[in-house]
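The primary structure of each chain is shown beneath.
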Amino acid sequence: MHNLNYMNTEAQSETTSAFFHLPVLSQELITGLEICPGGYYLDVTVGGGGHSELILSAAPDVQIMGIDRDGDAIAAANTRLCAYSDRVQFWRGNFADYQPGSILFDGIIADLGVSSPQFDNPERGFSFRHTADLDMRMDQNQSVTAAEIINKWEERQLADIFYQYGEERLSRRIARRIVEQRPFQTTTELAEAIASCVPAKYRYGRIHPATRVFQALRIVVNQEISALETFLNKAPHWLKLGGRIGIISFHSLEDRLVKHSLRDSPFLKVLTKKPITPQEQELQENPRSRSAKLRLAERKV
């Protein structure tokens, strides 16, 4: 367990300003968890610490274990939660690899996918709105990047991941164009190549034609689906009897997996027949919350 209170103030303030994250469905999540005084909670995607801060302030003497793969996220959370430093610990790594030992939690939360600070930082390569290297790693210590996948994988492999993880119906056409024109160095080069090979009505549709491909690449680079499957299998065993788990997802692949895993677990009682979605006020204040879905369950045995 790593408590990161050693960071100097200047570094903390720079990281915090660069990594401020507005938590989505925050009130719905806190209400659904029924935070108890003295409770111990696990935030497996601590990000900038937004959800953890709400949990810590919801009841007296609450403790948090915060997990994230991104060192910048943990540094920002450490700063944001400094008022609760004696009640917060951090563990850097993939939540699928976490081992709490004999510890049981009163509640577990996961806010899946890429965070706004990661998405908005051009250097991270998650977005084609900025010219940047094809990176997309949540953990900057890992070796595999989006550039390696785009420039080295076979055409059939690319088509398969675009279809499976991006639900991209033009996956084969796009993969063919990528292989014809590679190597690619930047996000905008790749996005332009994708846009150039799709029909005009698709090119000028509601979303940019590269959106689904970038989603698929990010999922594969970070092994998001396999990590989520592992976490969903482990998490019920980490809860106390009556403890609750709340998971926020942002696309259908994640939500489908969460829905079936919570429903099929012999240890859990599902509390949300349908997912909870943002109210109109939150949609106006944070348009990126529009695809968020929250599902809750309780440890029953």
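Before reading further, recall that the structure is shown in the block above.
Residues numbered from 1 in each chain as written. Predicted model: local features only at pLDDT ≥ 70, side-chain atom pairs only at ≥ 80, totals over all residues. Heavy atoms only, no water.

### A look at the packing of aromatic side chains
Here is step 1 of the chain: Applying the stated criterion across every chain, the model contains 6 aromatic pairs.
Here is step 2 of the chain: Measuring from centroid to centroid gives 5.4 Å for tryptophan 91 and tyrosine 98, while their planes differ by 65 degrees, and the two rings are edge-to-face.
Here is step 3 of the chain: An aromatic cluster of three or more residues is present, and its members are Trp91, Phe95, Tyr98, Phe231 and Trp238. (Phe/Tyr/Trp six-rings, centres within 6.5 Å; stacked < 30°, edge-to-face > 60°.)

### Examining the packing of helix α8 (residues 171-181) against helix α9 (residues 187-196)
Here is step 1 of the chain: One can describe the packing of α8 onto α9 by two numbers: an axis separation of 9 Å at closest approach and a directional angle of 125 degrees. Considering the angle they form, α8 stands oblique to α9. In this structure, the crossing between α8 and α9 has a hand that is right-handed. Here Ile174, Arg177, Ile178 and Gln181 of α8 come into contact with α9, specifically with Leu190, Ala193, Ile194 and Ser196.
Here is step 2 of the chain: The residue makeup of the contact of α8 with α9, split by class, is 5 nonpolar, 2 polar and 1 charged. (Axes fitted to C-alpha atoms, helices over the stretch in contact; angles between N-to-C directions. Helix = DSSP H or I, 4+ residues; strand = E, 2+ residues; numbered from the N terminus. Parallel < 35°, antiparallel > 145°, perpendicular 65-115°, else oblique. Left-handed = near helix turned anticlockwise from the far one by under 90°. Contact = heavy atoms within 4.5 Å. Nonpolar A, V, L, I, M, F, W, Y, C, P; charged D, E, K, R; others polar.)

### Topic: the environment of aspartate 72
Here is step 1 of the chain: Tracing the chain through its elements places aspartate 72 in helix α4 (residues 71-80).
Here is step 2 of the chain: For aspartate 72, a relative accessible area of 39% gives the class partly exposed.
Here is step 3 of the chain: Between the C-alpha atoms of aspartate 72 and aspartate 139, which are 67 residues apart in sequence, the distance is 9.5 Å. (Buried < 20%, exposed > 50% of the residue type's maximum accessible area, 1.4 Å probe, protein only.)

### Section: the pairing of strand β3 (residues 88-92)
Here is step 1 of the chain: Pairing geometry for strand β2 (residues 63-68) and β3, over 5 bridges, is parallel. Looking at β3, one finds that isoleucine 64 is bridged to valine 88.
Here is step 2 of the chain: Crossover connection from β2 via α4 to parallel β3: handedness right-handed. (Pairing = 2+ DSSP bridges. Right-handed = clockwise from strand over helix to strand, strands pointing away.)

### Structural notes on the pattern of salt bridges
Here is step 1 of the chain: Under the defined criterion, the tally for this structure stands at 16 salt bridges.
Here is step 2 of the chain: Measuring nitrogen to oxygen at the nearest pair gives 4.0 Å for the salt bridge that ties arginine 172 to aspartate 160. Here aspartate 160 lies in helix α7 (residues 155-166) and arginine 172 lies in helix α8, a separation of 12 residues in the sequence.
Here is step 3 of the chain: We classify aspartate 160 as partly exposed; its relative accessible area is 35%.
Here is step 4 of the chain: What you see here is one network of salt bridges that share partners, running through Glu34, Arg244 and Glu298. (Salt bridge = Lys/Arg side-chain N within 4 Å of Asp/Glu carboxyl O.)

### Concerning helix α2 (residues 26-33)
Here is step 1 of the chain: Within α2 the residues assigned to the buried category are Ser26, Leu29, Ile30, Gly32 and Leu33. The buried residues of α2 occupy an angular sector of 165 degrees when projected down its axis, which confines them to one face.
Here is step 2 of the chain: Summarising the contacts, the buried residues of α2 are in contact with α3 (50-58), β4 (105-111), β5 (239-249) and β7 (293-299).
Here is step 3 of the chain: Once α2 ends, the next one or two residues include glutamate 34, with phi positive near 50 degrees. (Arc of directions from axis to C-beta.)

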